[in-house]
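If you want the building blocks of each chain, they are given just below.
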Amino acid sequence: MSTPPASLRMVEISGAEALWLLEGSALGRLVYTQRDLTVIRPGRHTWEYGRLVVRTPVQAAAVPLTATYQVDEVRVATGTGWTVTVAGPAEVITDPNEAAHYRRTLTGWTYGPHDTIVRVHPQTVSGFRLARGTES
């Protein structure tokens, strides 16, 4: 008779660890509401000067006043991983020099009117680790 696998659970992590995981990743999802619908777009990001900068395929006019950005890494084979969520006021980077800098450093998904650089000013940062059994 085999032993059942240890159950999975989510363990809350500190804001500092969440930011460390966010900084070590490059891909995530920008989430916001538009006309009472939830919109989710892929994004590439960087963390600079206490702000999250995201390059995402969204029309600049559609970027809301507040947004959420979510990043995760899940290892299916081991059933472990983590998830981090950052939320706060969002703004489109309109300065041409600053936007050009981020277009050089963050690979885009699309080009043209749907290629937008967004800065999120984090008001909340939260995260969880997925763990087996009694791991913490």
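Asks: So what's going on with the side chain of Asp115? Which residues, and what values?
Replies: Assignment of secondary structure puts Asp115 in the loop between α2 (96-105) and β7 (116-120). On the accessibility criterion, Asp115 (7% relative accessible area) is buried. A polar side-chain atom of Asp115 sits 2.6 Å from a polar atom in the side chain of Arg55. Excluding residues that lie within four positions of it along the chain, Asp115 makes contacts with Arg55, Thr56, Val58, Arg103 and Thr110.

Asks: Break down the side chain of Thr116 for me, citing the residues and quoting the values.
Replies: Along the chain, Thr116 turns up in strand β7. A polar contact is formed between the side chain of Thr116 and the backbone oxygen of Val58, at a distance of 2.3 Å. In terms of polar contacts, Thr116 uses its side chain to reach the backbone amide nitrogen of Ala60, at 3.4 Å. Sequence-distant contacts of Thr116, that is, excluding residues within four places in its chain, are made with Val54, Arg55, Thr56, Val58, Gln59, Ala60, Val63, Val92 and Arg103.

Asks: Tell me what's going on with the pairing of strand β8 (residues 124-132), and back it up with residues and numbers.
Replies: In this sheet, β8 lies alongside strand β1 (residues 8-12) in antiparallel orientation, the contact comprising 5 bridges. Pairing of Met10 across the sheet is with Leu130, part of β8. Summarising the sheet, strand β6 (residues 80-92) and β8 pair through 7 bridges and their orientation is antiparallel. Residue pairing for β8: Ala87 is matched across the bridge by Thr124.

Asks: Provide a residue-level description of the pattern of salt bridges, including the pertinent values.
Replies: Following the criterion strictly, the structure yields 7 salt bridges and no others. Residue Arg29 is joined to Asp72 by a salt bridge in which the shortest nitrogen-to-oxygen separation is 2.8 Å. On the criterion of sequence distance, the pair formed by Arg29 in strand β2 (residues 27-34) and Asp72 in strand β5 (residues 66-75) is long-range, its members being 43 residues apart. For Arg29, a relative accessible area of 29% corresponds to the partly exposed category. Asp72 gets classed as partly exposed once you look at its relative accessible area, which sits at 35%. The partner of Asp115 in a salt bridge is Arg55, and the shortest N-O contact between them spans 2.6 Å. Residue Asp115 is located in the loop between α2 and β7, and its partner Arg55 is located in strand β4 (residues 51-56); the two are separated by 60 residues in the primary sequence. Residues participating in the shared-partner salt-bridge network are Arg55, Arg103 and Asp115.

Here is what the cut-offs are and how they apply
Residues numbered from 1 in each chain as written. Predicted model: local features only at pLDDT ≥ 70, side-chain atom pairs only at ≥ 80, totals over all residues. Heavy atoms only, no water. Helix = DSSP H or I, 4+ residues; strand = E, 2+ residues; numbered from the N terminus. Buried < 20%, exposed > 50% of the residue type's maximum accessible area, 1.4 Å probe, protein only. Polar contact = N/O pair within 3.5 Å; in protein donor to acceptor, adjacent residues only side chain to side chain. Contact = heavy atoms within 4.5 Å. Pairing = 2+ DSSP bridges. Salt bridge = Lys/Arg side-chain N within 4 Å of Asp/Glu carboxyl O.

That is the geometry; function is a separate question.
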